[in-house]
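# Per-entry structural report
This is what each chain is made of:
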Amino acid sequence: MSEHDQFAEELALYALGSLQGDELAALEKHLDGCASCRRELEQLRGDMGLLALASAASAPPQRARARLMAAVAKEPRAAREPRQMRPWWLPVPWFVAGAMALLAIVFWYDKTDLQRELAKLKDDNAQQSLELTKARDVVATLTATGALRVTLVAAKAPPQPQGKAIYVRDRSSLIFIASNMPKLPAEKIYELWLIPTTGNPIPAGLFSPDAHGSATVVNPPLPGGVEAKAFAITVEPEAGSATPTMPIAMVGAGE
């Protein structure tokens, strides 16, 4: 066996990263001056690269497997000096590449799940902030020292229908609570009106009482800075009206 043939047989072990000691040093010295062995080494490394890519999914390409197995088979182990037994767990390039690919996939899925959780937390936080803002607006209206509090009553036998309006002119905010309201005919609805000190009545919200006659209107859209002298309720078509339909069902002035 020529020196060149001997080193050609060592290339497969060198490409696997398994060549050690004096053999490793001798081969690397030979590679410095042997272009043929360098080309063979690059081909073996290319074949192992294909094996590494295939290890994470399907079977390795047959051409790459055949080239690598043939190179390893050329090693005359019986005629050579016995080598130290190598542990079965010694890492080889395609195993490492496959493991890295698997870890990359796992980390990618974990990152995607974390991004979904983060987006959900942001949505939940935005919704909670919105609800907190609404609750603060309601509390601010109910506790405002300058609020106009109006009680609306109807002259009927008990249980007497009643409505309570709390209006803050500076904030244009209004909370209205009704109780014991009579059930309405089909396609009819109650409409609340703000009666300003000057000008025409302003629509202040529609409502239908529940089975117990209760209803609320919270912060309907109102023009800014309107001073109210009274609030009233009329029965209107289901879509509401721009002007009150007589007669007025309930009315009350500021306390």
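Keep in mind that what you see is a predicted model, and the values were worked out from it rather than measured. (Residues numbered from 1 in each chain as written. Predicted model: local features only at pLDDT ≥ 70, side-chain atom pairs only at ≥ 80, totals over all residues. Heavy atoms only, no water.)

Our next topic: the pattern of salt bridges. Applying the stated criterion across every chain, the model contains four salt bridges. A salt bridge links Asp170 to Arg169; the shortest N-O distance between them is 3.9 Å. A residue is classified by how much of its surface remains accessible, and Asp170, at 70% relative accessible area, is exposed. Under the relative-accessibility criterion, Arg169 is labelled partly exposed at 36%. A salt bridge links Glu227 to Arg169; its shortest N-O distance comes to 3.1 Å. Placement of Glu227 in the loop between strand S6 (215-218) and strand S7 (228-237) and of Arg169 in the loop between strand S2 (162-168) and strand S3 (173-179) is noted, with a sequence separation of 58 residues between them. Each of Arg169, Asp170 and Glu227 takes part in a single network of salt bridges with overlapping partners. (Salt bridge = Lys/Arg side-chain N within 4 Å of Asp/Glu carboxyl O. Buried < 20%, exposed > 50% of the residue type's maximum accessible area, 1.4 Å probe, protein only. Helix = DSSP H or I, 4+ residues; strand = E, 2+ residues; numbered from the N terminus.)

Turning to a nonpolar patch on the surface, a few remarks are in order. A cluster of nonpolar side chains, Met246, Ile248 and Val251, forms an exposed patch at the surface whose accessible area comes to about 290 Å². Considering the arrangement of structural elements, one finds Ile248 in the loop between S7 and strand S8 (250-253). Judged by its relative accessible area of 40%, Ile248 falls in the partly exposed class. (Patch = residues over 30% accessible without salt bridge, like charges linked within 9 Å, V, L, I, M, F, W, Y side chains within 5 Å. Areas by Shrake-Rupley, 256 points an atom, 1.4 Å probe, with all protein chains shown as cover.)

The next thing to look at is the nonpolar core. Tyr167, Phe176, Phe207, Phe231 and Ile233 are the most contacted members of the largest nonpolar core, which totals 24 residues. Secondary-structure elements contributing two or more residues to this core are strand S1 (148-153), S2, S3, strand S4 (188-196), strand S5 (202-207), S6 and S7. If you look at the next biggest cluster of nonpolar residues, it comprises twelve residues, including Ala12, Leu13, Tyr14 and Leu27. (Core = buried A, V, L, I, M, F, W, Y, C linked by side-chain atoms within 4.5 Å.)

Looking now at unusual backbone geometry. Omega for the bond connecting Met246 with Pro247 falls within 30 degrees of zero, at 5°, which places this linkage in the cis form. Summarising the element assignment, Pro247 is placed in the loop between S7 and S8. The phi dihedral of Glu187 falls on the positive side, at around 65°, and the residue is not glycine. The topology assignment puts Glu187 in the loop between S3 and S4.

So, on to the confidence of the model for the protein chain. On average, residues of the protein chain carry a pLDDT of 79, and 70% of them reach 70 or more. Within the protein chain, helix H4 (residues 62-73) has the poorest average pLDDT of any element, 59, and S4 the best, 97. Overall, residues 77-83 carries pLDDT values under 50, and its contacts beyond four positions in sequence, including any with other chains, amount to twelve contacts. (pLDDT = per-residue confidence, 0-100. Contact = heavy atoms within 4.5 Å.)

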